[in-house]
4 protein chains.
Amino acid sequence: METHKGDYQNNEGGSASNLVNRQTNADDTVINVNGIKIGGEELVIIAGPCAVENREQLLETAKAVCSGGANILRGGAYKPRTSPYSFQGLGEEGLKYLSQARKETGLPIVTEVMDTRQMELVCKYADIIQIGSRSMHNFPLLKEAGKCGKPVLFKRGLMATIDEYLSAAEYILSGGNQEVILCERGIRTFENYTRNTLDLSAVPILKRQTHLPVIVDPSHATGHRWLVPVMAKAAIIVGADGIMVEVHNNPLEALSDGQQSLFPEDFGKLMKELEIIAEVTGRKVYRRNPSMA
Amino acid sequence: METHKGDYQNNEGGSASNLVNRQTNADDTVINVNGIKIGGEELVIIAGPCAVENREQLLETAKAVCSGGANILRGGAYKPRTSPYSFQGLGEEGLKYLSQARKETGLPIVTEVMDTRQMELVCKYADIIQIGSRSMHNFPLLKEAGKCGKPVLFKRGLMATIDEYLSAAEYILSGGNQEVILCERGIRTFENYTRNTLDLSAVPILKRQTHLPVIVDPSHATGHRWLVPVMAKAAIIVGADGIMVEVHNNPLEALSDGQQSLFPEDFGKLMKELEIIAEVTGRKVYRRNPSMA
Amino acid sequence: METHKGDYQNNEGGSASNLVNRQTNADDTVINVNGIKIGGEELVIIAGPCAVENREQLLETAKAVCSGGANILRGGAYKPRTSPYSFQGLGEEGLKYLSQARKETGLPIVTEVMDTRQMELVCKYADIIQIGSRSMHNFPLLKEAGKCGKPVLFKRGLMATIDEYLSAAEYILSGGNQEVILCERGIRTFENYTRNTLDLSAVPILKRQTHLPVIVDPSHATGHRWLVPVMAKAAIIVGADGIMVEVHNNPLEALSDGQQSLFPEDFGKLMKELEIIAEVTGRKVYRRNPSMA
Amino acid sequence: METHKGDYQNNEGGSASNLVNRQTNADDTVINVNGIKIGGEELVIIAGPCAVENREQLLETAKAVCSGGANILRGGAYKPRTSPYSFQGLGEEGLKYLSQARKETGLPIVTEVMDTRQMELVCKYADIIQIGSRSMHNFPLLKEAGKCGKPVLFKRGLMATIDEYLSAAEYILSGGNQEVILCERGIRTFENYTRNTLDLSAVPILKRQTHLPVIVDPSHATGHRWLVPVMAKAAIIVGADGIMVEVHNNPLEALSDGQQSLFPEDFGKLMKELEIIAEVTGRKVYRRNPSMA
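> Help me out: how do you make sense of the overall build of chain A in this one?
From N to C terminus, chain A includes nine helices and eleven strands. Relative to the globule expectation of 19 Å for 293 residues, the C-alpha radius of gyration of chain A, 18 Å, shows essentially globular dimensions. C-alpha extents for chain A along the principal axes are approximately 50 × 45 × 40 Å. The contacts of chain A with a sequence gap of at least 6 include a subset with a gap of at least 24, amounting to 68%.

This is how it looks when you write it as structure tokens:
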């Protein structure tokens, strides 16, 4: 029951008058999350486990990424899993652990919402709500995100063109919420060495077409721990406003995405490299508290 | 925040013990909708407009497809549109028109649900609920469909492998609802003459792997009216249990999908051809009321 | 060093004045190979092993497909193999065995040419030369094929759009050779159950756009023996002028493509089914010698 | 007539004993072309027009890229064009102009060979022969390249997996020529903003799997002039040993690829940026003659 020829390619929403477009709003949108500015001069680093598995795992990982230099903590309480028999996330219990982790580290938290009915609950806990790749075309959810009053980290669908992606983002903006952070996380191609193919050229294209901040998730894109740092650095070079990486206190025991999760020490090392890279581009990595460095 | 390597390719749900699998249930699942049996010997034809646009359009089209030989009426009241500024469907008003069309023609109705919060309302009107291509990975919606008590027409995502598709169907079955009708509707490829590429080999593969009925939607797959009949016939040859086609009383004025909608007279002609094709395969097209033929 | 934006998508060759186009030549091109007409009312069946492995294997398979009802024998003497360490074909020795098989069965032979320098030699033996999927963009080879004086079985590249395919065919026609048989053999997609995805909608599209005959190769497209017959039948329904299938006297011992090669008895059974399917479409399978049936 | 299931995915050539593999040869292969070392510590920059159009265009562009800091001059004398009616290159005349440009600038030249019969002629003029994306599976050509005695710039096919690409390279190495330079130049995906999708993660993967040098061509990958510099910089960050870019003395009048060709002044600016980027990675851009800078 999709509509129009070329599938989603007949992008009626792609017109210059759309709210997402630079023509409509030439200035970069900068989103302030508890004092952290996303889309400004400083690069924002989001890190944390794929899923919140238990209190200890989350708190330990949160402290590790915090001391490593992360600005925002990620962690899923509701997990979109291929099989109904896989771990589906801890639900509200997971949200509570996230809340506790925020209290202990001071890091704002971003966590995924999958269902319109969860929106209110998730917004009660999260500083930023995430709409995942599989939900990019969940229009009712996008409409709710447009009214939720929280910044939205909105991931590109793994088979969505850039035009379709921006049209989907328009659903959120047209609902009244301009605080949308875009995220390139790999697209599906025939190549099977990597989990997906990181489309880094999408970053400068998005930055040219829209005023919204753009970050990159090299963890899901590559699916391999060893590829995450190098692709994260490239993401900064092509103009990303930040990166989101999976870090786990014990990747080898992770309930999901273990193979692509960094060890805490890898993360700390990556942060140092990103600072050097950022400098070349005339930016720097956000320092929540420079004295912590 | 998706989970597991190979994206959805790490199909933990693909194990032989899954409810969707033939190993679990060797007999074909046959779904009875107001006396029409889907997945049995007879082929089922679902036809109607992409969207319910207004009462007159729907009733006129419904009568046309009924007299042409359709068994079930389709029509969308909630429309997933690329742009938020496109026609989004009539909502409950559309459901009421569908209900009226059922009353006037006797045809059961299938209509899409996009939001968990709509499930109850849509189920009040629909004989079969549809979960569209863009919602294939909307797991909360699939879980609700598992408890809704209505048959579910479940379309393959345009980016989903067959394994991922069956794992997603498992969400519905594991929720307690075995009445799932699968639907191949084209996958995204690099070819751009057609809207998508109809993957007809998916039909025999699905029939081999699962006991669920499988139908084909050649309208969305091809995006071109002239290609619909020929691909519908091929779908029957490869073993589909029915087809779903878009028919509009006035395709040139349709609010969505006009280019791929059949004229009523095309539909009548197609039905006659399908009867001949069905016979070759040892089946026949379902006749709601043979005296109407 | 490829040229032009959109990769090969900027199809300057796609203009209406091209020799391949129906606008240029409305009548179907019918190619006469030793009395067998390809592209006419009767369907042509090409069968044989992937590779010529030795004299016995070829002759035995040739006799089997001949008595099963094949019209043309296929078999590769020069094999494009992924690895340089795989069996590369018998070369001229293989051509000689093909020639002998023709003598013993009366079947014309089609065999692949990969190198401009082989063209003369292959033409000495073959009734039809084949240009394989991997060579679709080998323009020097296409130019030679345009001058070779033999009909050309020209396979679609697994990564080629229909427009690019027709532009490549134009190289052969513009060289002076109008005897080109097109062949859909599957395209590369993300689906991995099948070797490639058979794009059956390409058949009616090609038949509409060009006057050239179009056949389908379900063996390479699917990669699975059990899928070959069902997809072959669908190919006829969508308007193919024939099919090409791999048959091996002993598929379990084949040096290449064993998994997708039919057993001789499968082939005989398929032929009977194709006759029934052909009739529905108002055509029939070519009978080299009806008395042999 | 391709061989084996999974198309080229059944990569028999992918075994650890292959000549391309790091396990076979742990040390980086460094190729010396007239004193310029490709694959060593210094980055190599290849620049020039898509096609050699005439003497003046080539010489002017050659001087521009030379003074801009290029190390090697590119330019096609034989052009693989989608349509037979497009400009096909100047042939040997083009090779002569390249030779003259080398004389005037001192830059070694790389130019494409498409036909086994051209190999000897092209080798007479070229310092490096190029095998283009469309020829990646032209195995006879690869075998000739294995014996040609010149370094080979070997581009990835636009729909080839990394495994298939390395297996194809093995054809050249197994023929006796280890001087192979790999080149990522974009793969075909559903995204249509860019000509292809530059697969930058392929670079670290190739560097890990093989000892051969790896460069990146951002011009063909993106198809847009404005995207070339930013993607070139990212290529260096991910570990490429150099880049190849199209530069034209007058892109707006180019006979091919004008939209993606840099103006000479863009190229000069890019070189300065690449020097800064190189430094961050602990490398530097090759300076043929530092006094020229």
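There is more to say, and it comes next.
> Quick question: what am I supposed to make of the pairing of strand E10 (residues 242-246) of chain D here?
If a strand is regular, its side chains alternate between the two faces of the sheet. Residue and element names in this part refer to chain D. In terms of burial, E10 is a largely internal element, five of the five residues being buried. With burial as the criterion, each face of E10 is covered, one bearing Gly242, Met244 and Glu246 and the other bearing Ile243 and Val245. The sheet contact formed by strand E3 (residues 42-48) and E10 spans five bridges and is parallel. Within E10, the residue paired with Ala47 across the bridge is Val245.

> Got a minute to help me understand helix H2 (residues 92-105) of chain D in this structure?
Given 3.6 residues per turn, any residue in an α-helix points the same way as the ones three and four places further on. Residue and element names in this part refer to chain D. Given a rise of 1.5 Å per residue, 14 residues ought to cover 20 Å, and the 20 Å separating the end C-alpha atoms of H2 matches this to within 8%. Looking at H2, one finds that the buried residues are Gly94, Leu95, Tyr97, Leu98 and Ala101. Angular distribution of buried residues about the axis of H2 spans 160 degrees; they occupy a single face of the element. The secondary structure elements touched by the buried residues of H2 are helix H1 (55-68), strand E4 (72-74), strand E5 (109-112) and helix H3 (119-125). Phi turns positive, to about 80 degrees, at Gly106, one or two residues after H2.

> Mind showing me how you'd approach the pairing of strand E6 (residues 128-131) of chain A here?
Residues and elements named next belong to chain A. Neither face of E6 is open: one carries Ile128 and Gln130, the other Ile129 and Ile131, and all of them are buried. Bridge count between strand E5 (residues 109-112) and E6: three bridges; the pairing is parallel. Looking at the pairing, Thr111 lines up with Ile129 of E6. Across three bridges, the pairing between E6 and strand E7 (residues 152-155) is parallel. Within E7, the residue paired with Gln130 across the bridge is Leu153.

> Can you help me understand the environment of Asn54(A) in this one?
Residue and element names in this part refer to chain A. Topologically, Asn54 is positioned in the loop between strand E3 (42-48) and helix H1 (55-68). Residue Asn54 is classed as partly exposed on the basis of its 14 C-beta neighbours within 10 Å. C-alpha of Asn54 to C-alpha of Cys148: the two residues are 94 residues apart in sequence and 27 Å apart in space.

> I'm lost on unusual backbone geometry in this one. Help?
In most cases, non-glycine residues show a negative phi, while peptide bonds are predominantly trans. You will see that Asn34(A), though not glycine, has its phi angle at about 50 degrees, which is positive. Turning to its location among the elements, Asn34(A) is positioned in the loop between strand E1 (31-33) and strand E2 (36-38).

> How should I be thinking about the confidence of the model for chain A in this particular structure?
All names here are of chain A. For chain A, the mean per-residue pLDDT works out to 92, and 92% of the residues sit at or above 70. Across residues 1-14, where pLDDT falls below 50, the model places 56 contacts with residues more than four positions away in sequence or in other chains. Among the scores for the predicted complex, ipTM is 0.93 and pTM is 0.94.

> Please explain helix H9 (residues 264-280) of chain D as it appears in this structure.
Residues and elements named next belong to chain D. In a regular helix each residue adds 1.5 Å, so 17 residues correspond to 24 Å; H9 covers 25 Å between its end C-alpha atoms and thus fits that length. Turning to H9, its buried residues number three or more, namely Pro264, Phe267, Leu270, Met271, Leu274 and Ile277. Seen end-on, H9 carries its buried residues on one side only, within an arc spanning 130 degrees. Turned more than 90 degrees off the buried face of H9, the exposed positions are Glu265, Lys272 and Glu279.

> Teacher, can you tell me more about the packing of H1(D) against H9(D) here?
Axis angle and axis distance: for two packed helices, these are the angle between their axes and the distance between the axes, and together they describe the pair. Residues and elements named next belong to chain D. Between H1 and H9, the least distance of the axes is 9 Å, while the angle of their chain directions is 20 degrees. With respect to H9, the axis of H1 lies roughly parallel. Between H1 and H9 lies a crossing of right-handed hand. Each of Ala64, Val65 and Gly68 in H1 lies in contact with H9, whose residues at this interface are Pro264, Phe267, Gly268 and Met271. For the contact of H1 with H9, a count of residues per class yields five nonpolar, two polar and no charged.

> Explanation requested: the packing of helix H1 (residues 55-68) of chain C against helix H2 (residues 92-105) of chain C in the structure shown.
All names here are of chain C. Direction vectors running N to C along H1 and H2 enclose 35 degrees, while the axes themselves pass 9 Å from each other. Of the two possible hands of crossing, H1 and H2 adopt the one that is right-handed. Between H1, through Arg55, Leu58, Leu59, Ala62, Lys63 and Cys66, and H2, the contact on the second element is made entirely by Tyr97, Leu98, Gln100, Ala101, Glu104 and Thr105.

> What am I meant to see in the environment of Gly239(B) here?
When you line up the elements, Gly239(B) lands in the loop between helix H8 (228-237) and strand E10 (242-246). What makes Gly239(B) partly exposed here is the crowd of 19 C-beta atoms within 10 Å. Sequence-wise, Gly239(B) and Pro204(B) are 35 residues apart; in three dimensions their C-alpha atoms are separated by 6.2 Å. If we skip the residues at most four places from it in the chain, Gly239(B) touches Val203(B), Pro204(B), Lys207(B) and Val230(C).

> I would appreciate a short explanation of the environment of Glu273(B) in the present structure.
All names here are of chain B. Examined against the element boundaries, Glu273 turns out to sit in helix H9 (residues 264-280). By C-beta crowding, Glu273 is classed as partly exposed, having 15 other C-beta atoms within 10 Å. In the structure, Glu273 is positioned 27 residues away from Glu246 in sequence and 17 Å away in space, judged by C-alpha atoms. For Glu273, the residues in contact, after removing those within four places along its chain, are Pro229 and Lys233.

Definitions and cut-offs
Note on numbering: residues in each chain are counted from 1, in written sequence order. Chains and ligands are labelled sequentially in the order written, the chains with letters from A and the ligands with numbers from 1. For this predicted model, a pLDDT threshold of at least 70 governs which residues receive local features, and a threshold of 80 or more governs which side-chain atom pairs are given and counted, while totals over whole chains, interfaces and linings are taken from all residues. Only DSSP runs of H or I reaching four residues or more are called helices, and only runs of E reaching two or more are called strands; each is numbered from the N terminus. In this treatment the radius of gyration is a C-alpha quantity, and the globule benchmark scales as 2.2 Å times the residue count to the 0.38 power. It is the C-beta atoms, placed from the backbone, that decide contacts: two residues are in contact if theirs lie within 7 Å. Comment: burial labels come from other C-beta atoms within 10 Å of the residue's own C-beta, placed from the backbone, where a count of 20 or more is buried, 12 or fewer is exposed, and between is partly exposed. Two strands make a pair as long as DSSP finds a minimum of two bridges between them. Residue count minus one, scaled by 1.5 Å, sets the expected span of a helix. In this description, the arc belongs to the directions extending from the helix axis to the C-beta atoms. Along the chain, pLDDT gives the predictor's confidence residue by residue, from 0 to 100. Note on definitions: angles span 0 to 180 degrees between N-to-C directions of axes, and those axes are lines fitted to C-alpha atoms, for helices only across the stretch in contact. Here roughly perpendicular refers to angles of 65 to 115 degrees, roughly parallel to angles under 35, roughly antiparallel to angles over 145, and oblique to all remaining angles. For a crossing to be left-handed, the near helix must be turned anticlockwise from the far one by less than a right angle; the clockwise case is right-handed. Amino acids outside the nonpolar list (Ala, Val, Leu, Ile, Met, Phe, Trp, Tyr, Cys, Pro) and the charged list (Asp, Glu, Lys, Arg) are all regarded as polar, and Gly is one of them.

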